[in-house]
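Residue-level structure breakdown
Listed below are the residues making up each chain.
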Amino acid sequence: MTSSPPPEPWCLFLDRDGVINRRIVGDYVRTTRQWEYLPGALHALRLLSEWAPRIVIVTNQRGVGRGLIAEDDLERIHSRLLEDVAIVGARIDGIRVCPHLETDECPCRKPLPGLALSWFAVNREVNPARSVMVGDSPSDMAMAQNLAAQTGGCLRVLIDDGSDPATTGVDADVRFPTLLDYARNVNP
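Residues numbered from 1 in each chain as written. Predicted model: local features only at pLDDT ≥ 70, side-chain atom pairs only at ≥ 80, totals over all residues. Heavy atoms only, no water.

1. What about unusual backbone geometry?
In this chain, Lys110 is followed by Pro111 through a cis amide linkage whose omega measures 25°. Note on placement: Pro111 falls in the loop between β3 (94-98) and α4 (114-122). With phi around 50°, Glu105 is a residue other than glycine that occupies positive phi space. Note on placement: Glu105 falls in the loop between β3 and α4. The exposed category is assigned to Glu105, whose relative accessible area is 70%. (Helix = DSSP H or I, 4+ residues; strand = E, 2+ residues; numbered from the N terminus. Buried < 20%, exposed > 50% of the residue type's maximum accessible area, 1.4 Å probe, protein only.)

What follows is the structure, encoded as structure tokens:
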């Protein structure tokens with residue numbers, strides 16, 4: 001009797017602001033007091049943890065580059081996120097941050113795929129062509145497309161409740177109004 005090999009691991013990349021937590025329009029989440037989960041986000045992360053072999057947050061945080069957020073404050077925010085995720089029985093396998101400004105021409109700043117590619121460089125057991133990117137902005141979908149161009153694949157999932165005109169006409173493979181709607185679709 002032979003058994004089939006286990007399925008190849010893949011990674012679910014998640015944007016942070018506007019997907020997991022409430023985005024502060026015209027500003028940045030600078031402290032843990034300003035951090036506010038979107039409705040159902042923690043439950044979604046628990047469901048996604050049961051389904052996805054790896055979950056990594058990829059986020060641009062130019063407030064750091066602009067000197068508006070201290071790196072220590074950003075680390076506290078992410079520590080709280082990881083604690084809250086663990087409390088609900090979910091997991092995050094990594095958080096990748098680009099603190100640079102657009103003018104820095106950094107390869108890790110979305111829409112470039114550097115955040116994901118740097119994670120794949122140290123997680124070689126994961127098949128990059130099977131990745132999924134979940135985000136709420138045109139740059140997230142462009143990052144997924146750029147990642148696919150370099151790795152051979154990346155599914156683009158747009159979180160879009162219809163209230164942001166910037167997402168009108170954005171090309172995505174699928175759309176859901178919230179992260180929880182997506183999580184319930186893939187892991188009912």
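2. Considering the sheet that holds strand β1 (residues 11-14)
With respect to topology, 6 strands assemble into an open sheet ordered β3-β2-β1-β4-β5-β6, the strand pairing being parallel. Here the strands that pair on one side only, and so sit at the sheet edges, are β3 and β6 (174-176). This sheet shows a mean twist of 20° between the axes of neighbouring strands, independent of strand direction. Both strand β5 (residues 154-159) and β6 contribute to a ladder of 3 bridges, which runs parallel. Its bridge partner lying in β6, Leu158 is registered against Arg175. (Pairing = 2+ DSSP bridges. Axes fitted to C-alpha atoms, helices over the stretch in contact; angles between N-to-C directions.)

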